[in-house]
Amino acid sequence: MASSNSYKLRCSIPGHEMDVRGLASTIFPEGAFVSVSRDRTGRVWLPNSSPDKGFTEMHCMSGHSNFVSCVCVIAPNETYPRGLIATGGNDNNICVFTLDRPQPLFTLQGHKNTVCTLSSGKFGTLLSGSWDTTAKVWLNEKCMMTLQGHTAAVWAVLILPEQGLMLSGSADKTIKLWKAGRCEKTFTGHEDCVRGLAVISSTEFLSCSNDTSIRRWLVTGDCVQVYYSHTNFIYSLAVFPNSQDFVSTGEDRTVRIWRKGECFQTIRLPAQSVWCCCILPNGDIAVGASDGIIRVFTEAEDRVASAEDLQAFEDELSKATIDPKTGDLGDIKMEDLPGREHLNEPGNRDGQTRLIKDEQKVEAYQWSVSDGRWLKIGDVVGGSNQQTSKSVMYEGKEYDYVFTIDVNEGGPSLKLPYNMAEDPWLTAHNFLQKNDLSPMFLDQVANFIIENTKGHVVGPAQPEDGDPFTGGARYIPGSSDDGQSFGADPFTGAGRYIPGSNPNPSAPSGGADPFTGKGAYSSAAQKQPTNIYFPKTDGVTFEQANASQIIAKLKELNAEAPQEHKLSADIVESLESLLLSVCGSNSAEAPPTLQQIDVLWKASHWPEDIVFPVLDILRLAVRHPQVNESLCGEAEGVQLCNHLLKLMRSESRPANQMLALRTLCNCFSGRHGRALLVAQRETVLSRAADLAAVRNKNIHIALATLVLNYAGCFHSRPDLEAKAQCLSVASRALETVQDKEAVFRLLVALGTTVASDETAQDLARSLDVGSQISKYSSVSDPSKVGECCQLVLKELH
């Protein structure tokens, strides 16, 4: 946008029957754009060569059973070389179309309320936001992730161009930054619903809000600039290719063009709500509004509309009616207003508004810098919710009244036109249908009309069921405390049993299995691309133990424990027998009894400062088939899981966190344990992921092993949401984990997840996993890290 010309009307496109709610520039055909409307359709518009410099409808899409509220274009790929068009609607669905047929290619279902925003990213990734308070990540017709954390409607979403970052803006007044499915940062500053987001660069973005402000943010969290000019809700933003200038639209009937941080031009429309805008490849601006008309504005003189069309647009604008409560006109005192002579004085800035009194009418004018004159923008029709009983123009028709109805706190006001000759109940019914409101409001709206047409001023109707955007947020565990370093590996059998000791748990080098140290499994000799690392589908467990030292520590802590927590001699003996039973190599050893297992379960609830030897016994015991079945079965399994999750809280002791993770890993050794952890996958991995923040390499190794076991479990299953969580947790953990053994296991987890699964590979690419792990490709000590990394990168190539 190098030119400094003002934008003027290029053409008006009356292609929709109701509000135009979304616009997007298409990749194919060149110069075209797509619109969606409350009339339940989407339409593709192609520039034509006619003298009116207009657009021709080349394609109409239908598939939604209710209003269509948003649209985005998915970039071309080998399968769809012309790209795809995605639309979201009030039927809670997302329809995806090709340019070849009017019906959807496929429909994405999963949201529980209106889908009001869409954004597309690399590799076909689609991000959606909904009134159900969530955002969802879709790929290849599947929901890969659900982003939960907002406490009200998600009005805006955006996929940033780099680093696998995503943004969501909400009616809870916040913006959240997501990476690999996790909320990394929450931006606060807006004082009302966040309605729109727009990319400036890979590190900056814009937001707009019902609070009438636009904010410029760094992804680091800093708000670097706030822009003011709008006088009502701001609905949409679009950034010019120079990544500096932008366009905004809102409920104040305006399109505003911003250059160098200032509002350079204000264009008023003869429609109350200017819902959406997009910038076309040639720099023209397409705008959709509540009157169902798309208007295109241009700064190129050769594309400006004819003088007749410009005059028709100006005449239409001058006939509009303005409710002061929805604009920037303030309280109006008729006697204080100047006459028409006031228009002889030039304005101070483009878009400046001036009111004049013409006999018994109040007229509004706007200063146009490009034309050097005042343009009439409408007649002012009073200052309250109730209009005067003289004829009022609304959407080209005359009415006795045009009421402003506030249906909820999270959305814009709606207009309710009414003539005295009409049936108020039928008018109320039509109003509710048009605006997709619940029939339960019929009595309220009808009575509102009746009361207000008798001359009484009544407050705006309030829905009985409150704001539709306040669904409860899912519980999300708090992030872990930083800086904890207590608790190294106590389980190698070397030396005294002290959780703080620091023997190296990494796998021995040279001919040993990279996970267990067993067997002649040599990776050092494998210099060619033969993949010996993944997919790894058999569970990795923590086997090391020194039974005598574990029991000695248990007896020592028991002797020092307060009387109310002391274990009886029988209990200690039972635990010792159980430990020998599950650790003994002697096949003649008696199997654990149900009584011993019950004693172990009760003892695992010992006070958290002394329970770690019991947890160590539990970690070893769950490998035994009988213990695995007894503790991980349907009835008891959830209790075990919840107990271990409690020990993994951020405020728990690192030794307990580590042992709980290792116990979960060892549960994978039995059929019942695997079934339990598959069922509890979302909760377990979410809690485990938080432990990446604890600075403890043994916790990191246990965490990496848990992710690896999950990845192996789901490798041959078509559960894409589970694979997405494995990718997310592994990717997030790699940001903080330093220990090479933990890194290796996370790389194997990634490789196992994406191996032979193109959808999982696409998701990994969209999360930018490749660039995140590439630094490990040159690691030679241990060599397995570099080799495994290169193989994962090969899968993602």
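The rules behind these values
Residues numbered from 1 in each chain as written. Predicted model: local features only at pLDDT ≥ 70, side-chain atom pairs only at ≥ 80, totals over all residues. Heavy atoms only, no water. Helix = DSSP H or I, 4+ residues; strand = E, 2+ residues; numbered from the N terminus. Contact = heavy atoms within 4.5 Å. Disulfide = S-S within 2.5 Å. Buried < 20%, exposed > 50% of the residue type's maximum accessible area, 1.4 Å probe, protein only. Pairing = 2+ DSSP bridges. Axes fitted to C-alpha atoms, helices over the stretch in contact; angles between N-to-C directions. Expected span 1.5 Å × (residues − 1). Lys, Arg positive; Asp, Glu negative; His and termini not counted. Salt bridge = Lys/Arg side-chain N within 4 Å of Asp/Glu carboxyl O. Phe/Tyr/Trp six-rings, centres within 6.5 Å; stacked < 30°, edge-to-face > 60°. Lys NZ or Arg CZ within 6 Å of the ring centre and 35° of its normal. Parallel < 35°, antiparallel > 145°, perpendicular 65-115°, else oblique. Left-handed = near helix turned anticlockwise from the far one by under 90°. Nonpolar A, V, L, I, M, F, W, Y, C, P; charged D, E, K, R; others polar. pLDDT = per-residue confidence, 0-100. Polar contact = N/O pair within 3.5 Å; in protein donor to acceptor, adjacent residues only side chain to side chain.

1. Some remarks on the overall build of the chain
Helix and strand counts for the chain come out as 18 helices and 36 strands. A separation threshold of at least 6 residues defines the contact pool for the chain, and within that pool the share at least 24 residues apart is 54%.

2. A few points about the state of the cysteines
In a disulfide, the sulfur atoms of two cysteines are covalently bonded to one another. Taken as a whole and judged by the stated rule, the model has zero disulfides. Free cysteine C641: the closest other cysteine sulfur is in C667, separated by 7.7 Å. Residue classification places C641 among the buried positions, given a relative accessible area of 1%.

3. A look at the pairing of strand β11 (residues 126-130)
A regular strand carries its side chains on alternate faces of the sheet. Within β11, five of the five residues are buried, leaving the element largely enclosed by the surrounding structure. Burial of the side chains of β11 extends over both faces: L126, S128 and S130 are buried on one face and L127 and G129 on the other. Bridge count between strand β10 (residues 115-120) and β11: five bridges; the pairing is antiparallel. Pairing of S120 across the sheet is with L126, part of β11.

4. Considering the sheet that holds strand β12 (residues 135-139)
If you trace the four strands from one edge of the open sheet to the other, you get β10-β11-β12-β13, paired in antiparallel fashion. The outermost strands of the open sheet, each flanked by one partner alone, are β10 and β13 (142-147). In this sheet, neighbouring strand axes are inclined to one another by 25° on average, regardless of whether the strands run parallel or antiparallel. The pairing of β12 with β13 spans five bridges and is antiparallel. Its bridge partner being in β13, A135 is matched across the sheet by L147. Taken strand by strand, helix α16 (residues 758-766) contacts β12 and β13, and its axis lies near 125° from that of β12.

5. A word on helix α18 (residues 783-796)
For α18, with 14 residues, the first-to-last C-alpha span of 20 Å sits near the 20 Å given by 1.5 Å per residue. Taken as a whole, α18 has its buried residues at K784, V785, G786, E787, C788, C789, L791, V792 and L796. Tucked into the core, α18 has its buried residues touching α15 (740-754), α16 and α17 (769-773).

6. Quick notes on the sheet that holds strand β30 (residues 353-358)
Taking strand neighbours across the sheet as the criterion, the four strands line up as β29-β32-β31-β30 in an open arrangement whose pairing is mixed. Sheet topology places β29 (321-322) and β30 at the edges, where each strand pairs with a single neighbour. Bridge count between β30 and strand β31 (residues 361-368): six bridges; the pairing is antiparallel. Note that in β31 the partner of R354 across the bridge is Y365.

7. Notes on the side chain of E251
Mapped onto the fold, E251 is located in the loop between β23 (246-250) and β24 (254-259). Look at E251: it is buried, it has no salt bridge, and the nearest opposite charge is K415 at 6.2 Å.

8. Re the packing of aromatic side chains
Counting across every chain of the model gives 17 aromatic pairs. With a centroid separation of 5.8 Å and an interplanar angle of 65°, the aromatic rings of W131 and W155 are classed as edge-to-face. Taken as a pair, W131 in the loop between β11 and β12 and W155 in strand β14 (residues 154-159) lie far apart in primary sequence, 24 residues in all. Taken together, the ring pairs connect F187, F205 and W217 into an aromatic cluster. Directly above the aromatic system of W275 lies the positively charged group of R21, at a separation of 3.7 Å from the ring centroid. Note that R259 overlies the ring of F264, its terminal NZ or CZ placed 4.0 Å from the centroid.

9. Considering the packing of helix α5 (residues 569-583) against helix α6 (residues 594-603)
Here α5 crosses α6 at 110°, and the two axes come no closer than 9 Å. Comparing their axes, α6 and α5 come out roughly perpendicular. In this structure, α5 crosses over α6, and the sense of that crossing is left-handed. Within the contact between the two elements, α5 uses I571, S574, L575, S577 and L578 and α6 uses Q596, V599, L600 and A603. Within the contact of α5 with α6, the residues separate by chemical class into six nonpolar, three polar and no charged.

10. A closer look at the pattern of salt bridges
Counted according to the given criterion, the structure contains 31 salt bridges. A salt bridge links R259 to E299; the shortest N-O distance between them is 2.9 Å. Highlighted residues: R259 in strand β24 and E299 in the loop between β28 (294-298) and α1 (307-318), separated in sequence by 40 residues. This pair shows no difference in class: R259 is buried, exactly as E299 is. Overlapping salt bridges bring together R340, D358, K361, E363, K376 and D379 as one network.

11. Remarks on the pairing of strand β25 (residues 262-268)
By the bridge criterion, six bridges tie β24 to β25 in an arrangement that is antiparallel. The partner of R259 across the bridge, within β25, is E262. Linking β24 back to β25 in an antiparallel pair, the connection comprises two residues, with K260 at a positive phi of about 55°.

12. Remarks on the confidence of the model for the chain
Mean pLDDT for the chain: 84, with 84% of residues reaching 70 or above. When mean pLDDT is taken per element in the chain, strand β8 (residues 94-97) scores highest with 98 and strand β33 (residues 392-394) scores lowest with 68. Between residues 455-496, whose pLDDT stays under 50, and residues either more than four places distant or in other chains, the model counts 119 contacts. Low pLDDT, under 50, characterises residues 519-527; the stretch is placed with 19 contacts to residues that sit more than four places away or in other chains.

13. A closer look at unusual backbone geometry
With the exception of glycine, the majority of residues adopt a negative phi angle, and the majority of peptide bonds are in the trans configuration. Cis geometry marks the peptide bond from F28 to P29; its omega dihedral reads -5°. Looking at the secondary structure, you find P29 in the loop between β2 (20-25) and β3 (33-37). Here the residue pair F534 and P535 is connected by a cis peptide bond, since its omega of 5° sits within 30 degrees of zero. Along the chain, the position of P535 falls in the loop between α3 (442-452) and α4 (547-560). A positive phi angle, close to 50°, is found at N140, a residue other than glycine. Topologically, N140 is positioned in the loop between β12 and β13. Residue classification places N140 among the partly exposed residues on the basis of a relative accessible area of 39%. The phi dihedral of A180 is positive, around 55°, even though this residue is not glycine. A180 sits in the buried class, given a relative accessible area of 3%.

14. Notes on the environment of E262
Structurally, E262 can be placed in strand β25. Each C-alpha atom, one on E262 and one on Y228, is 8.8 Å from the other, the two residues being 34 residues apart in sequence.

15. Quick word on the side chain of S273
Mapping S273 onto the fold places it in the loop between β25 and β26 (274-279). Polar side-chain contacts of S273 include one of 2.6 Å to the side chain of E251. Those residues in contact with S273 that lie beyond four places of it in its chain are Y235, G250, E251, G288, A289 and S290.

16. With respect to the packing of α4 against helix α7 (residues 612-621)
Running from N to C, α4 and α7 cross one another at 145°; their axes reach a closest spacing of 8 Å. The interaxial crossing formed by α4 with α7 has left-handed handedness. In this structure, α4 uses I550, I551, K553, L554 and L557 to contact α7, whose residues at the interface are F612, P613, V614, D616, I617 and L620.

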